[in-house]
Amino acid sequence: MSGGRVLVAGIGNIFLGDDAFGVEVVRRLRDVVLPAGVEVSDYGIRGMHLAYDLLDGRHDVLVMVDALPLDEPPGTLAVLQVDLDDPGWTLRPADVLAAPAADGHGMDPESVLRLLRSLGGRVGRVLVVGCQPAVLDERMELSAPVSGAVDEAVRTVVRIAREEAARLAAGERQVARSATEKGVTADA
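Calculation notes
- Residues numbered from 1 in each chain as written.
- Predicted model: local features only at pLDDT ≥ 70, side-chain atom pairs only at ≥ 80, totals over all residues.
- Heavy atoms only, no water.
- Pairing = 2+ DSSP bridges.
- Helix = DSSP H or I, 4+ residues; strand = E, 2+ residues; numbered from the N terminus.
- Axes fitted to C-alpha atoms, helices over the stretch in contact; angles between N-to-C directions.
- Contact = heavy atoms within 4.5 Å.
- Parallel < 35°, antiparallel > 145°, perpendicular 65-115°, else oblique.
- Left-handed = near helix turned anticlockwise from the far one by under 90°.
- Nonpolar A, V, L, I, M, F, W, Y, C, P; charged D, E, K, R; others polar.
- Patch = residues over 30% accessible without salt bridge, like charges linked within 9 Å, V, L, I, M, F, W, Y side chains within 5 Å.
- Areas by Shrake-Rupley, 256 points an atom, 1.4 Å probe, with all protein chains shown as cover.
- Salt bridge = Lys/Arg side-chain N within 4 Å of Asp/Glu carboxyl O.
- Buried < 20%, exposed > 50% of the residue type's maximum accessible area, 1.4 Å probe, protein only.

What exactly am I supposed to notice about the sheet that holds strand β5 (residues 125-131) here?
Backbone hydrogen bonds hold the strands of a sheet together, and the pairing may be parallel or antiparallel. Strands sit in the order β2-β1-β3-β5-β4 across an open sheet of five strands; the sheet is mixed. Strands with a single pairing partner mark the edges of an open sheet, and in this sheet they are β2 (38-44) and β4 (77-82). In this sheet, adjacent strand axes meet at a mean angle of 20 degrees when their direction is disregarded. Bridge analysis of strand β1 (residues 5-11) against strand β3 (residues 59-67) gives six bridges, and the strand direction is parallel. Opposite V8, over in β3, you have V63 as the bridge partner. Packing against the sheet, helix α3 (residues 109-118) makes contact with β1, β3, β4 and β5, and its axis sits at approximately 150 degrees to β3.

Here it is as structure tokens:
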């Protein structure tokens, strides 16, 4: 059952430098007014928790925010759409695909989505706002290039959340209008 909701999920480990990108973007979203139906949550390293939260079917759109290997210069942003019905989809290099699917404290976006699918869950639309990291060493600060990309990432996530909320609201209005029209026609 869908609830016409958008979930923005920040993912990352604050103790591993640029891996905290998603957490920092979500932290900055706390001060932003978003449309009704948009939830923002810091999942940090709780990817398994995110997968289980998605099983309830309340969210039609998932926007994950994380550091991703994009093979671009550090600080480069990308918005990726994931088609979970495409058996060949991936968000990481092929040499990482053999990693365990469920590590409760180290699940990247792809592992979360694969776990969700294996549990029988679905999300209508999945977008990932990713940033190429520069430093993934033990430290509690973002590198200069990734830190410089956070404001643009916040603007990108806000734009996506607003567009998706509007798209879902328009779809709900269309469904309600169709039901009303069918009811009127049936009564005539």
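Before we go on, may I ask you to explain the packing of helix α2 (residues 47-54) against α3 in this structure?
Geometrically, a packed helix pair is captured by the angle between its two axes and the distance between the axes. The N-to-C vectors of α2 and α3 enclose an angle of 40 degrees; their axes lie 9 Å apart at closest approach. As the angle between them shows, α2 and α3 are arranged oblique. Crossing of α2 against α3: the hand is right-handed. Facing G47, M48, L50, A51 and L54 of α2, the residues of α3 in contact are V112, L115 and L116. Of the residues in the contact of α2 with α3, the class split is seven nonpolar, one polar and no charged.

Mind showing me how you'd approach a nonpolar patch on the surface here?
There is a patch of nonpolar side chains on the surface, built from I14, F15 and M140 and spanning about 330 Å² of accessible area. Structurally, I14 can be placed in the loop between β1 and α1 (21-29). Among the residues examined, I14 registers a relative accessible area of 38% and is labelled partly exposed.

Can you help me understand the pairing of β3 in this one?
On a regular strand, each side chain points to the face opposite its neighbour's, so the side chains alternate between the two faces of the sheet. For β3, the tally of buried residues reaches nine of nine residues, placing the bulk of the element in the interior. Sheet analysis places β3 next to β5, joined by seven bridges and oriented parallel. Bridge pairing in β5 places V61 opposite R125.

It is not clear to me how the pattern of salt bridges should be interpreted in this structure. Could you clarify?
Pairing between side chains of opposite charge can happen when the charged atoms of each approach one another. Per the stated rule, a full pass over the model turns up twelve salt bridges. Here E110 ties to R114 by a salt bridge, and the two come within 2.8 Å at their closest N and O atoms. With E110 and R114 both in helix α3, this residue pair falls four residues apart, about one helical turn. Its relative accessible area of 0% is what places E110 among the buried residues. When the shortest N-O distance is used, the salt bridge between R159 and E163 registers 3.4 Å. Here E163 and R159 lie together in helix α4 (residues 144-187), a separation of four residues that amounts to about one turn. Residue class for R159 comes out partly exposed when judged on its relative accessible area of 41%.

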